[in-house]
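# Per-entry structural report
As a plain string of letters, each chain reads:
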Amino acid sequence: MRSRLLSFSRSRHSLWLWLLAAWLWLPFGVHAQDHIVERAWLEDASRQWQWQDVQKQQFQPYTGMLSRGFGHSVIWLKLRIDPGLRPASLQDPGRLMLRIRPVYLDDIRVFDPLAPQGLAGVTGDTHHPRLSDYQSLDFLLPITRGTQPRDIWLRLESTSTRQIDVQALNASDLNRVSHTQQLVFAGYVSVVLLFAAWGITYWLFSREHLIGAFGLMQVAALLYALGALGYWRTFWPQHWPATLLDQVTTVFSITAVSMAIFFHVLMIREFSPPPWVQQLHVGMLLLLPLKLAGVMVGWTVEALRVKIGWSKSIEKPTLKPSNGSKRAHLSPSSTLTLFVMRTNFFGACCSSMPADCSRNTKLAAEPSSTGTSSPLMSITRDRKSVV
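Residues numbered from 1 in each chain as written. Predicted model: local features only at pLDDT ≥ 70, side-chain atom pairs only at ≥ 80, totals over all residues. Heavy atoms only, no water.

## Side note on helix α7 (residues 275-296)
In plain terms, the rule: A run of H or I in DSSP counts as a helix once it spans at least four residues, and a run of E counts as a strand once it spans at least two, with each numbered from the N terminus. Helices are assigned an expected span. That span is 1.5 Å times one less than the residue count. The reported bend at a residue is simply the angle between two axes, fitted to the 7 residues ending at it and to the 7 residues beginning with it. When a residue's accessible area, from a 1.4 Å probe over protein chains only, is under 20% of the maximum for its type it is buried; when over 50% it is exposed; and in between it is partly exposed.
Over its 22 residues, α7 extends 33 Å from the first C-alpha to the last, a length consistent with the 32 Å expected when each residue adds 1.5 Å. Maximum bend of α7: about 30°, positioned at leucine 288, with proline proline 289 one to four residues after it. Along α7, the positions that sit buried rather than exposed are Val277, His281, Met284, Leu287, Leu288, Lys291, Gly294 and Val295.

Next up, the structure:
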């Protein structure tokens, strides 16, 4: 019987590895030609500069995705567009589409010398998604293709982390990339939903506090993922205000981090940590209503800074058994679960820029702190597995 169980376990692990390999291959299988050949950025601390002002300023070059963290300053991007990198597609040959992620950025304005009066378009999660001509999981803004290389400027203002990636794609490349992204995002959401359903169902029968906390963590992570990946804005009703969408995404982000902290606190308490550690954990949990109150009164940047700081402090706890009767380890299945969950989210993030997946690793930094990629720990206590 034991040999059969071992054989079944190995077969199950092999199946997971094959699924993981297929999952990771999918984003790399799609190539899209980005028509942006040069990138540079500038920070406007005064928040007063206009498009005519920034054209005279010195920009700092960068590659890949720009990440400037939290702050009240305005970020300007200077992007060099080369329409000749690939022939125009048969579908909408006179335009390129700017594809901008992530979708929790507040206000984005694009300035183009070929646009009437210079303003090519406005987008962001403070603008109602139903008013956009293009419904997508991304921010999409069309610009004139042109015939010669030129510079365009992008103004970014956001209370969330000022992390942005921009691509300029042909219509055919955009369609292909978007279809792949939808498949990967839907698979990722399904995985999180599966873990949430398992945790809640298991808790209903076992009443294990740790399992219940794991289920709540996954539910909170699911709600945040629906916002961060663009699903909330896709289904946002016409009569609901866009400002509410921005606040909902922020609240779910904060709540997801707090639920992840709650799960880790319960897990660490299995090892009887010192009293001062337990008091620290209680203080971390009590910050949730303060952070939510900060969002309500307009201190969103400060509340999100607290969220990231406290989540990192508990991200890698050191666990030590308190006596000889308690032992802790990661079982093979739990180790594989951790690997699959972390890699699945990385794959979902990579899918947003399939043309160059390697530059996308920073995108997973904030969502990973919400607990969507937390390990499902197997805590062995008196030879009985809790999880």
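So, next bit.
## Thoughts on the nonpolar core
Filter applied, for reference: Side-chain atoms within 4.5 Å are what join buried Ala, Val, Leu, Ile, Met, Phe, Trp, Tyr and Cys residues into a set we call a nonpolar core. Any two residues whose heavy atoms approach within 4.5 Å are treated as being in contact.
Ranked by size, the top nonpolar core spans 24 residues in total, and within it Leu77, Leu98, Ile108, Leu154, Ile164 and Val166 carry the most contacts. Beyond its immediate chain neighbours, meaning those up to four positions away, valine 166 contacts Asp34, Ile36, Arg39, Leu77, Leu79, Leu98, Arg99, Ile100 and Leu154. Among the nonpolar cores identified, the runner-up in size contains 15 residues, and Phe195, Ala213, Phe214 and Met267 belong to it.

## What to know about the sheet that holds strand β5 (residues 95-101)
Stated precisely, the cut-off is as follows: A pair of strands counts as paired when DSSP detects no fewer than two bridges linking them. Helix axes use the C-alpha atoms of the stretch in contact, all axes being lines fitted to C-alpha atoms, and the angles between their N-to-C directions lie in the range 0 to 180 degrees.
With respect to topology, four strands assemble into an open sheet ordered β3-β10-β5-β8, the strand pairing being antiparallel. At either end of the open sheet lies a strand with only one pairing partner, and these are β3 (66-67) and β8 (139-144). Pairing between β5 and β8: six bridges, direction antiparallel. The residue bridging arginine 95 from the neighbouring strand is threonine 144, located in β8. In the packing of helix α3 (residues 171-206) onto the sheet, contacts are made with β5, β8 and β10 (163-169), and the angle to β5 comes to roughly 25°.

## Some words on the packing of aromatic side chains
For the record, the criterion: Ring pairs are drawn from Phe, Tyr and Trp, using the six-membered ring of Trp, whenever the two centres fall within 6.5 Å, and their geometry is named by plane angle: stacked under 30 degrees, edge-to-face over 60, tilted for the rest. Only Lys NZ and Arg CZ are tested; either one counts as a charge over a ring when it is within 6 Å of the ring centre and within 35 degrees of the ring normal.
Taken as a whole and assessed by the stated rule, the structure comprises nine aromatic pairs. On the basis of an interplanar angle of 40° and a centroid distance of 5.3 Å, the ring pair of tryptophan 198 and tyrosine 202 is categorised as tilted. Of this pair, tryptophan 198 and tyrosine 202 are both found in helix α3, four residues apart, which corresponds to roughly one turn of the helix. Among the residues examined, tyrosine 202 registers a relative accessible area of 35% and is labelled partly exposed. Arranged with centres 5.1 Å apart and planes meeting at 80°, the rings of tryptophan 236 and tryptophan 240 form a pair that is edge-to-face. The aromatic ring of tryptophan 203 is capped on one face by arginine 207, whose charged end is 4.4 Å from the ring centroid.

## What to know about unusual backbone geometry
For the bond from arginine 101 to proline 102, the omega torsion is 0°, close enough to zero to count as cis. Topologically, proline 102 is positioned in the loop between β5 and β6 (107-111). A positive phi is found at arginine 47, a non-glycine position, where the angle reads about 65°. What makes arginine 47 partly exposed here is its relative accessible area of 36%. Even without a glycine there, the phi angle at arginine 207 is positive, about 60°. Its location among the elements puts arginine 207 in the loop between α3 and α4 (209-228).

## Focus on the sheet that holds strand β9 (residues 150-157)
Strand order in the open sheet formed by six strands is β2-β1-β4-β9-β6-β7, with antiparallel pairing between adjacent strands. Since the sheet does not close on itself, it has two edges, and those belong to β2 (60-62) and β7 (119-123), each with one partner. Ignoring strand direction, the axes of neighbouring strands in this sheet form an average angle of 25°. Direction of pairing for β6 relative to β7: antiparallel, over a ladder of four bridges.

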